[in-house]
Amino acid sequence: MTGTQIKTPVASWTRSCDVVVVGTGAAGLSAAVALQASGLEVAVITRAGVSDSSTDWAQGGLAAVWSPADSTELHLSDTLTAGAGLCDRDAVADLVASAPDALRRIIGMGGHFDTDAAGEIDLHLEGGHHARRILHAGGDQSGHEVERTLADALTAAPGSTGPRRSSKSGRLQVFTGTRLVDVLTDAAGRACGVTVLGGGGACGQITARAVLLATGGIGQLWPTTTNPPVATGDGLAAATRAGAVIRDAEFMQFHPTILVVPERHRIPGDRGVLISEAVRGEGAFLIDHRGRRVMAGVHPLADLAPRDVVSAAEQAHMTATGEDHLFLDATAFGAQRWETSFPSILAMCRQRGVDPVSEPIPVRPGAHYHCGGVAATMTGRTSVPGLWAVGEAACTGVQGANRLASNSLTEALVMGERAARELASGLGSAPRPGTAVDRSESGLIDGSGIEAIRRAMSRHVSVMREASGLAEALGVLDRLAGTDRLDDAALSATNLALAGRLVAGAAAMRTESRGCHRRSDFPERDAAWLLHIDARTDSRGRIILSRTDQVRQSQEAA
Ligand code: SIN
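Residues numbered from 1 in each chain as written. Predicted model: local features only at pLDDT ≥ 70, side-chain atom pairs only at ≥ 80, totals over all residues. Heavy atoms only, no water.

(A) Layout of the overall build of the protein. A count of helical and extended segments in the protein gives 14 helices and 26 strands. A compact globule built from 558 residues should have a C-alpha radius of gyration of about 24 Å, and the protein, at 22 Å, falls within 12% of that. For the protein, the spread of C-alpha atoms along the three principal axes comes to 65 × 55 × 50 Å. Pairs at least 24 apart in sequence give 73% of the contacts found in the protein among residues at least 6 apart. (Helix = DSSP H or I, 4+ residues; strand = E, 2+ residues; numbered from the N terminus. Rg over C-alpha atoms; globule rule 2.2 N^0.38 Å. Contact = heavy atoms within 4.5 Å.)

(B) Summary view of the site of the ligand. Around the ligand, a shell composed of Gly-60, Glu-126, His-255, Leu-274, Ser-276, Glu-277, Arg-307, His-368, Arg-403, Ala-405 and Ser-406 is seen. Measuring from an oxygen atom of the ligand, one finds a side-chain N or O atom of His-368 at 2.6 Å. Measuring from an oxygen atom of the ligand, one finds a backbone N or O atom of Ser-406 at 2.6 Å. Broken down by class, the residue content of the shell around the ligand amounts to 2 nonpolar, 5 polar and 4 charged. (Near = heavy atom within 4 Å. Polar contact = N/O pair within 3.5 Å; in protein donor to acceptor, adjacent residues only side chain to side chain. Nonpolar A, V, L, I, M, F, W, Y, C, P; charged D, E, K, R; others polar.)

(C) Spotlight on the sheet that holds strand E16 (residues 361-370). If you trace the 4 strands from one edge of the open sheet to the other, you get E13-E16-E15-E14, paired in antiparallel fashion. Only two strands of the sheet have a single partner each, and these edge strands are strand E13 (252-259) and strand E14 (285-287). The mean angle between the axes of side-by-side strands here comes to 50 degrees, regardless of whether they run parallel or antiparallel. As paired elements, E13 and E16 share 6 bridges and run antiparallel to each other. Following the sheet pairing, Met-252 is matched in E16 by His-370. Its contacts with the sheet place helix H8 (residues 307-321) against E13, E14, strand E15 (326-329) and E16, and it is angled at close to 65 degrees to E13. (Pairing = 2+ DSSP bridges. Axes fitted to C-alpha atoms, helices over the stretch in contact; angles between N-to-C directions.)

(D) Geometry of the confidence of the model for the protein. Here the protein averages 93 in pLDDT, and 96% of its residues register 70 or above. Taken as a whole, residues 161-170 scores under 50 in pLDDT and shows 27 contacts with residues more than four places along the chain or in a different chain. (pLDDT = per-residue confidence, 0-100.)

(E) Inspection of the sheet that holds strand E5 (residues 123-124) at higher detail. If you trace the 3 strands from one edge of the open sheet to the other, you get E4-E6-E5, paired in antiparallel fashion. Each edge of the open sheet carries a strand with a single partner, namely strand E4 (62-63) and E5. Of the strand pairs in this sheet, E4 and strand E6 (residues 134-135) are connected by 2 bridges, and their pairing is antiparallel. Residue pairing across strands places Ala-63 opposite Ile-134, the latter belonging to E6.

(F) Expanded view of the pattern of salt bridges. A full pass over the atoms with the stated rule returns 34 salt bridges. Among the salt bridges present, the one from Asp-101 reaches Arg-104, with a minimum N-O distance of 3.1 Å. Here Asp-101 and its partner Arg-104 are both found in helix H4 (residues 89-108), 3 residues apart, which amounts to about one turn of the helix. For Asp-101, a relative accessible area of 43% translates into the label partly exposed. Asp-288 serves as the salt-bridge partner of Arg-292, at 2.8 Å between the closest nitrogen and oxygen. In this structure Arg-292 comes out as partly exposed when scored by relative accessible area, which is 35%. Within this structure, Asp-248, Glu-250, Arg-510, Glu-512 and Arg-514 form a network of salt bridges that share partners. (Salt bridge = Lys/Arg side-chain N within 4 Å of Asp/Glu carboxyl O. Buried < 20%, exposed > 50% of the residue type's maximum accessible area, 1.4 Å probe, protein only.)

(G) Spatial organisation of helix H11 (residues 407-426). If you check H11, its first and last C-alpha atoms are 28 Å apart, about what 20 residues at 1.5 Å a residue would give, namely 28 Å. Counting buried residues in H11 gives 15 out of 20 residues, a clear majority hidden from the surface. (Expected span 1.5 Å × (residues − 1).)

(H) Seen up close, the environment of Pro-306. Relative to the elements of secondary structure, Pro-306 occurs in the loop between E14 and H8. A relative accessible area of 10% means that Pro-306 is categorised as buried. If we skip the residues at most four places from it in the chain, Pro-306 touches Ala-82, Gly-128, His-299 and Asn-402.

(I) Region of interest: the packing of aromatic side chains. Under the definition given, this model contains 5 aromatic pairs. When the centroid spacing of 5.7 Å and the interplanar angle of 65 degrees are considered together, the rings of Trp-338 and Phe-342 count as edge-to-face. Across this residue pair, the class does not change: Trp-338 and Phe-342 are buried. In this structure an aromatic cluster arises from ring pairing among Phe-333, Trp-338 and Phe-342. The cationic tip of Arg-271 hangs over the ring face of Trp-57; the distance from NZ or CZ to the ring centre is 3.8 Å. (Phe/Tyr/Trp six-rings, centres within 6.5 Å; stacked < 30°, edge-to-face > 60°. Lys NZ or Arg CZ within 6 Å of the ring centre and 35° of its normal.)

(J) Representation of the pairing of strand E9 (residues 178-185) within the structure. Counting buried residues in E9 gives 8 out of 8 residues, a clear majority hidden from the surface. Looking at chain direction, E9 and strand E10 (residues 191-198) are connected through 7 bridges and run antiparallel. By the bridge assignment for E10, Thr-178 is matched with Gly-198. The loop that links E9 with its antiparallel partner E10 comprises 5 residues; one of these, Gly-189, has a positive phi angle of about 85 degrees.

(K) How the structure looks around helix H1 (residues 26-37). Look at H1: 16 Å from first C-alpha to last across 12 residues, which is about the 16 Å you get at 1.5 Å a residue. Among the 12 residues of H1, 10 are classified as buried, and the element is accordingly described as predominantly covered. Considered for burial, the residues of H1 that qualify are Ala-26, Ala-27, Gly-28, Leu-29, Ser-30, Ala-31, Ala-32, Val-33, Leu-35 and Gln-36. Of the residues one or two after H1, Gly-39 is the one with positive phi, at around 90 degrees.

See below:
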């Protein structure tokens with residue numbers, strides 16, 4: 001049997017259901033809403049509260065062809081170009097064709113997107129897009145509106161007493177403060193439930209006919225990130241331990257504009273503040289300490305180049321000048337435009353001692369979105385029978401080597417609902433999973449290792465990488481102290497270390513620069529690397545990396 005699992009104490013409680021959904025961002029909630037509507041018995045688990053998700057923090061918006069001046073062909077071509085040769089054209093074509101309906105579903109559930117003076121949906125522009133196609137809400141609170149709409153829909157559904165507390169009523173059980181430990185598998189390797197860790201340290205077990213992972217990303221691997229504290233790669237790590245194929249883990253997208261908080265305003269443990277790309281879409285631009293434009297002459301789209309290009313250019317500029325950050329100048333907006341279009345960014349900057357109305361915003365790149373993940377179809381099917389993965393946790397071929405801005409919430413909505421529909425129609429005829437069997441034991445890393453993990457990732461597995469640094473990071477990740485005690489910090493350290501090994505291992509193997517994977521020792525894109533890197537673990541927990549066949553139907557040559 002492949003894979004490993006974390007040893008848990010005897011479960012102090014058990015439940016059973018048809019489908020257990022792990023995670024409550026856009027992907028998990030849209031799946032849960034559709035699953036519940038189909039009449040299946042659903043358990044939703046979420047590590048903190050229902051809205052503690054990357055979705056809730058997302059500013060930019062949702063990409064979809066909405067204006068007659070735009071076309072699905074253009075959205076397809078922008079996505080493939082940003083994806084730098086590693087997108088699956090069919091998956092992208094599917095996404096862009098399905099996007100408008102997914103957004104209409106949100107509107108139908110009561111979601112409100114911003115409108116212009118004529119009452120039409122207002123569309124923003126972001127990096128890599130050749131048309132205005134980003135729907136947004138509350139200016140820069142788009143993800144929050146999506147999260148609110150879906151959470152309300154789940155609460156309002158018959159059989160639910162509301163997701164804001166652990167509840168069991170009718171066909172929906174919502175477990176807040178309940179964290180995934182592992183995906184259980186039966187003797188045939190089929191997913192048959194999950195083990196979980198509760199806030200008080202007690203373990204539980206939920207058996208299910210299918211497990212759907214919607215756990216988001218891995219941003220907490222780096223000290224500077226736009227991701228919330230729950231983004232510790234729990235789904236990625238559990239899927240890996242369950243024997244699933246992980247694809248293209250090296251492609252971590254670094255967003256070009258994370259606020260650098262002035263020293264005197266730093267609060268330990270403060271969140272990373274994203275300055276949305278929509279701010280550049282409205283005309284802001286990057287400058288250095290001498291006021292020179294950073295993106296001038298780098299790319300035809302200048303400050304609106306795909307974000308891998310912008311982050312790499314910033315990094316190169318900072319390395320050349322010795323500056324440790326740059327600035328985003330949006331002073332031309334004036335107070336009123338800032339207050340109307342980007343109220344939450346304005347407030348978050350001001351709370352941290354920066355006034356974007358009157359001064360350029362100090363910024364640098366930060367960890368933002370994992371383009372790789374659990375290899376999955378557009379309906380979320382993974383290589384492990386009975387295990388589905390959707391949203392950022394999944395790698396479908398839509399994001400390729402670099403995600404096009406604002407395609408991810410859209411993908412999460414499309415996939416969540418699709419996975420639910422496939423489960424609703426197929427679960428009845430699918431073989432019933434057997435009883436869970438023990439896989440070989442995976443060691444736990446002590447929670448005190450988290451800082452060392454982040455230091456190694458930030459030094460060596462960041463925007464720019466090279467062979468010796470990657471080897472050093474892998475050495476750090478292999479030498480972390482173990483523990484026998486399963487608690488929240490140990491689970492985070494264990495999952496982060498595994499996610500880090502997947503990212504750094506694949507990054508060391510890919511000897512080229514492509515999309516958001518950049519190697520200073522292999523600075524060029526190499527046609528021989530028009531391949532995916534797949535990873536899986538053996539029964540001793542060793543990561544086995546392999547190259548797949550040539551990428552299918554990608555538009556870009558190399
Ligand atoms: C942003 O607002 O810049 C982020 C949008 C995204 O990552 O898609």
